[in-house]
Amino acid sequence: MRADHGVRLVLIGGFAAVIHGSPYVTTDIDIVPDPEEDNVRRLSDALREMNARVWTADEPVGLAFQHDAASLAGVSMWNLVTDLGRLDISFEPSGTGGYPDVARDALHLSISGVEVDVASLADVIRSKEAAGRDKDRLVLPVLRRLLDEQGR
């Protein structure tokens, strides 16, 4: 997401786990946007600027789609590909109450000069546990160990 659009969001998922020290590589960015209408409008503008397309395994270059704040907010999960790479948008990741829930304990970091809120490791773990996918179960032992080490 381009910082100049002012989209309020929390980074979650595999990339957030990497920021917390996970050795597992991820190929996409997962975000949880604030669902407030003006924020989702700014998100739509940013997606348009990044040439966002709907990603599917059968169409890895993506399918063009028209969107605005209402259409984006009307779907709980978007799997996209942009000119900058893969982007997954979830308004309410598994096991969470959405943006207000994950923003509460998020870390505010500056990454390459860009201010970003990153979900706490506990929230990343909670979401991956609730999702129950094989790829999540694989990384959970490492993430739990990292959380234990952070607590010491």
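Residues numbered from 1 in each chain as written. Predicted model: local features only at pLDDT ≥ 70, side-chain atom pairs only at ≥ 80, totals over all residues. Heavy atoms only, no water.

Looking now at the pattern of salt bridges. Applying the stated criterion to the full structure yields 14 salt bridges. One salt bridge in this structure joins Asp-134 and Arg-137, with 2.4 Å as the shortest N-O distance. Remark: Arg-137 and Asp-134 occur in helix α6 (residues 134-151); sequence separation between them is 3 residues, near one turn of the helix. Accessibility expressed as a relative area gives 59% for Asp-134, which makes it exposed. The exposure class of Arg-137 is partly exposed, given its relative accessible area of 46%. (Salt bridge = Lys/Arg side-chain N within 4 Å of Asp/Glu carboxyl O. Helix = DSSP H or I, 4+ residues; strand = E, 2+ residues; numbered from the N terminus. Buried < 20%, exposed > 50% of the residue type's maximum accessible area, 1.4 Å probe, protein only.)

As a further point, take the environment of Arg-86. In this structure, Arg-86 sits in strand β6 (residues 85-90). Between the C-alpha atoms of Arg-86 and Arg-53, which are 33 residues apart in sequence, the distance is 9.5 Å. Sequence-distant contacts of Arg-86, defined by excluding residues within four places in its chain, comprise Thr-27, Asp-28, Ile-29, Trp-55, Asn-79, Leu-80 and Val-81. Within the structure, Arg-86 has its side chain in polar contact with the side chain of Asp-88 (distance 3.3 Å). (Contact = heavy atoms within 4.5 Å. Polar contact = N/O pair within 3.5 Å; in protein donor to acceptor, adjacent residues only side chain to side chain.)

In this section: the sheet that holds strand β7 (residues 107-111). Spatially, 8 strands are ordered β4-β3-β5-β6-β2-β1-β8-β7 in an open sheet, and the strand pairing comes out mixed. Since the sheet does not close on itself, it has two edges, and those belong to β4 (59-63) and β7, each with one partner. When strand polarity is set aside, the average angle formed by the axes of neighbouring strands in this sheet is 40°. Pairing of strand β3 (residues 53-56) with β4 involves 2 bridges; the strand directions are antiparallel. Of the residues in β4, the one forming a bridge with Thr-56 is Glu-59. (Pairing = 2+ DSSP bridges. Axes fitted to C-alpha atoms, helices over the stretch in contact; angles between N-to-C directions.)

This part covers the pairing of strand β1 (residues 9-12). If a strand is regular, its side chains alternate between the two faces of the sheet. Going residue by residue along β1, you find Leu-9 and Leu-11 tucked away on one face and Val-10 and Ile-12 tucked away on the opposite face as well. Alignment of β1 against strand β2 (residues 28-33), held across 4 bridges, turns out to be antiparallel. Looking across to β2, one finds that Ile-12 is bridged to Asp-30. Direction of pairing for β1 relative to strand β8 (residues 114-118): parallel, over a ladder of 2 bridges. Looking at β8, one finds that Leu-11 is bridged to Val-118.

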